[in-house]
Structure formats: C-alpha cells, structure tokens
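Close look at the chain arrangement
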Amino acid sequence: MVTTVAEPSTRVGRGWALRFNLAWVGVMVGFFGPLQILLPNQAEAISPDHKELVLGLVTALGATCSLVLNPLWGALSDRTTSSWGRRLPWVVAGGLAGALSLLVVASARTVLMMVLGWCLVQCTLNAAWAALTAVVPDQVPREQRGAAAGYLGLSQMLGVLLAIAVATLVPGTGGYLACAALLLLSLVPFVLARADTPRAAGAVPVPRWSRRELVRTFWVSPRRHPDFAWGWLTRFLINLGNAIALVYLLYFLRDELHRSNAEAGVLVLGAVNVLGVVLAVVVSGIWSDRLARRKSFVSAAGMVMALAGLLLAISPTWETALVAAFVLGVGFGVYTSVDFALITEVLPEAADRGKDMGVLNIAAALPQVAAPAIAAVVVTYLGGYPALFAVSAAIGALGALLVHRITSVH
C-alpha cells in the first residue's frame, strides 16, 4: 500500500513556531560560528601565509558536500515512515552527528584535518537542515507561509549573530564546544514535541525508493517546471552575490581597513546587520501574505542587497561598512522571508517536498563553493576589495531582475 501525505490546512500556533525557530537558531550556530570566525582564525594559525587559500579550500569542499547531501537527506526523509514521522529522525541524527563533527574540526591541526572535519560537519548537519526546511511546506498552509518564513529568517539571523558572539568571546577549541552544545540544546523542545508530517488517505502519494529515484534526487526538469528553474537560478545568483561579499569579511577588516580587533568588528557589523533584518523580516513576510504577492518583494530585496555591495565598492571604509551592513540586513530580511515563501509555491510535487527543497538548497550552497574561488581571483588579480564588492553587487542585481521570469506566483 502507498503511504500518503496530507496538504497542510491547519494554521500553526505560537508554541509550534517558537520550538521550530529555536531549532533553527541552533543549526545556524553550528554552521556559522565556525564559518565566520573560528575557521578563518584556524586557517591563519595553521598557514598564516596562505590563509585565504586554506579558508577557500576548506569552505569550498565543505559546501560541495552540502550540495550532494542536502537533497539526498531530503529525499530520504520523504521516504521515512518511522513512528516519529518523516523529518524528526533526521533532525535528531543530523544534530547529534553534527555536534560530534564540530569537535573533530576543533581538534584539527593540519589543513587536511580541517578539510575532513568541516566536510563531516556539512555532511551531517545538512540532514537536520534538509529536514527542518521541509517542515514548512509540510505543516504550514500557504496563506501563513510569508509570516512563517519571516520568523524563520529572523531566527536564522539571530543564530548567526549568536554564533559570531560565541566564537568571538570563546575562541579556539572552546568556541567549537560552545557551538556544539548550543546546537543540541536548541533542538530539544522541537524534538520532544514530536509534531511531524500528518498523513491522510487520499492525499498525494509518497514516492518509493529506487536507483532511478536516486538520480532524480538531484534534478527537476526546467522544461516541465520552468518556474522552479527560474526560482532556483534567481536564488543562486542572489546568494552568490551575498557570499562573495561576505566570504573574506574578517580579512577585509584586518588587511584592508587595518582594524586592530577584526573579530570584534565582525561582531559589530553582524549586530548592525541583524538590526536591519529585524526591522524588515517579519513585517515583509506578513505583508506579502496579506497582498498575496511575492515577486516584487524578492526583486526589490535583491536590489537593496546589491546596493550594499555597491556602497562598499565606491567607499571601502569602516563607516561605509556599518551603513552597508544595515542596508544588507534590510534587504536580506525582506529577501529571506518572502523568497522562502515563494519557493514553497513553485515546488512540483507535494510528495517530493524534502527532495525538491534540497534541490533549491543547492542554490544556496553552491555559492559557498563558487564564492571563495571568485573572491580569491578578484581580490588578488582584479582590483582588490572594491572590485570584489562591485562584482557582488552586479551578480545580485542580475538575480533580482530575473525573479520576474516566474509566472505562476504573483
């Protein structure tokens, strides 16, 4: 007999939202504590003369693992029929394994161990990421997704800020331990609630596993589903522009602006950025729900994010960086909430939500592979940090313009 999946129709409440978003805070700490502070400092300690190359290698290979594993974990969760539901087993397994993997990175004293440890973090923690991402189209009705995505974006940014604060205040091995502990603690309320995908007879079928389905895990036909393809491309371009601007932020403050405490500078910019996000993320999500419009919000947000890069390209100073961080926060707040709602509305099949959200997550992970390579070339050979921010702005603006090619969503 084929198991079925019900379309969500019951509105989610505040308790559910609080538990769900708290889980996201921890997952973001697990990813971004290392990425923003701990890994750059570790790369510099291991190879001070080649820190950019080492950091680029570690982050790019880790993101490559994310490209492969995120949609695979999503596809496997689509087919999971445990008594705990489809998503929770992967949240638990990914969280536990991700915390242990952070300890592996903490013990790294060579470039090889850094690469292996960070790849392990990406492989394991992406199981929790993929499962949590699929929870929204599983459990949140369409008319509530803008607001849900707004609170999700807020929790993600708070997780990034908390990650930077922890990594700044607790450097080195202790920082990795603190990130691992916060990751596990944040997942507990959501897991204990054991609220997972409802199933009902007569709903869409859950796909069975096969080798052919494994190949399909990484592909959605752009000819059959053009709006999904445009959603993927625009998400990739806007995230690539953002990643290029941020990948060498610590080195920009240290080497270009000569900040005596670059880590504290990253924390300050992160706080200013979160302020912008907080002012925009929830309001824009609720507003897009009420207007039943997504594309205009996403396109405008992409342009605002591109403006932040343009400001730094024209004037790469600390004062401009503060302004740009706020502008980027406002743009990203609108973008992260409404774009998430938009992509849940271009998913081809309800039964493949985990897999298809994983394919869309590739659009967010692939820039982490490409950005270090692009940034290294631009900074070293094509004009330094002003050119880097100009390239970031151009790519993000292109993505913002192409959003209008999506036709099935207003």
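Residues numbered from 1 in each chain as written. Predicted model: local features only at pLDDT ≥ 70, side-chain atom pairs only at ≥ 80, totals over all residues. Heavy atoms only, no water.

1. Concerning the packing of helix α1 (residues 14-46) against helix α4 (residues 111-139)
Interhelical geometry of α1 versus α4 gives an angle of 160° and a closest axis separation of 11 Å. Taken together, the axes of α1 and α4 are roughly antiparallel relative to one another. By crossing handedness, the relation of α1 to α4 is classed as left-handed. (Axes fitted to C-alpha atoms, helices over the stretch in contact; angles between N-to-C directions. Helix = DSSP H or I, 4+ residues; strand = E, 2+ residues; numbered from the N terminus. Parallel < 35°, antiparallel > 145°, perpendicular 65-115°, else oblique. Left-handed = near helix turned anticlockwise from the far one by under 90°.)

2. Concerning the environment of L402
Its place among the elements puts L402 in helix α14 (residues 384-402). C-alpha of L402 to C-alpha of G231: the two residues are 171 residues apart in sequence and 8.9 Å apart in space. Here L402 is in contact with W230, L233, T234 and L237, once residues within four sequence places are set aside. (Contact = heavy atoms within 4.5 Å.)

3. Structural notes on the environment of L162
Relative to the elements of secondary structure, L162 occurs in helix α5 (residues 145-169). For the pair L162 and V27, spaced 135 residues apart in sequence, the C-alpha separation works out to 11 Å. Dropping the residues within four chain positions of it, L162 is found in contact with V25, V29 and L182.

4. Concerning the packing of aromatic side chains
Going through the model one piece at a time under the given rule, you end up with eleven aromatic pairs. Their ring planes at 85° and their centres at 4.9 Å tell us that W24 and W129 sit as a pair that is edge-to-face. Placement of W24 in helix α1 and of W129 in helix α4 is noted, with a sequence separation of 105 residues between them. Both residues of the pair, W24 and W129, count as buried. Positioned above the aromatic ring of Y251 is the side chain of K51, whose terminal nitrogen or guanidinium carbon lies 4.8 Å from the ring centre. In this structure, R259 packs its charged tip against the face of W318, placed 4.0 Å from the ring centre. (Phe/Tyr/Trp six-rings, centres within 6.5 Å; stacked < 30°, edge-to-face > 60°. Buried < 20%, exposed > 50% of the residue type's maximum accessible area, 1.4 Å probe, protein only. Lys NZ or Arg CZ within 6 Å of the ring centre and 35° of its normal.)

5. Focus: the nonpolar core
By size, the foremost hydrophobic cluster in this structure holds 122 residues, and its most contacted members are F20 and L253. No other element matches α4, which puts 14 residues into this core. Apart from residues no more than four positions distant in its own chain, L253 is found in contact with H258, R259, A262, G265, V266, L269 and W318. (Core = buried A, V, L, I, M, F, W, Y, C linked by side-chain atoms within 4.5 Å.)

6. What to know about the confidence of the model for the protein
In this model, the protein carries a mean pLDDT of 85, and residues with pLDDT of at least 70 account for 91%. No element of the protein has a lower mean pLDDT than strand β1 (residues 4-5), which averages 48, and none a higher one than helix α3 (residues 88-106), which averages 96. pLDDT under 50 marks residues 198-203. Its contacts with residues more than four places away, or in other chains, come to 18 contacts. (pLDDT = per-residue confidence, 0-100.)

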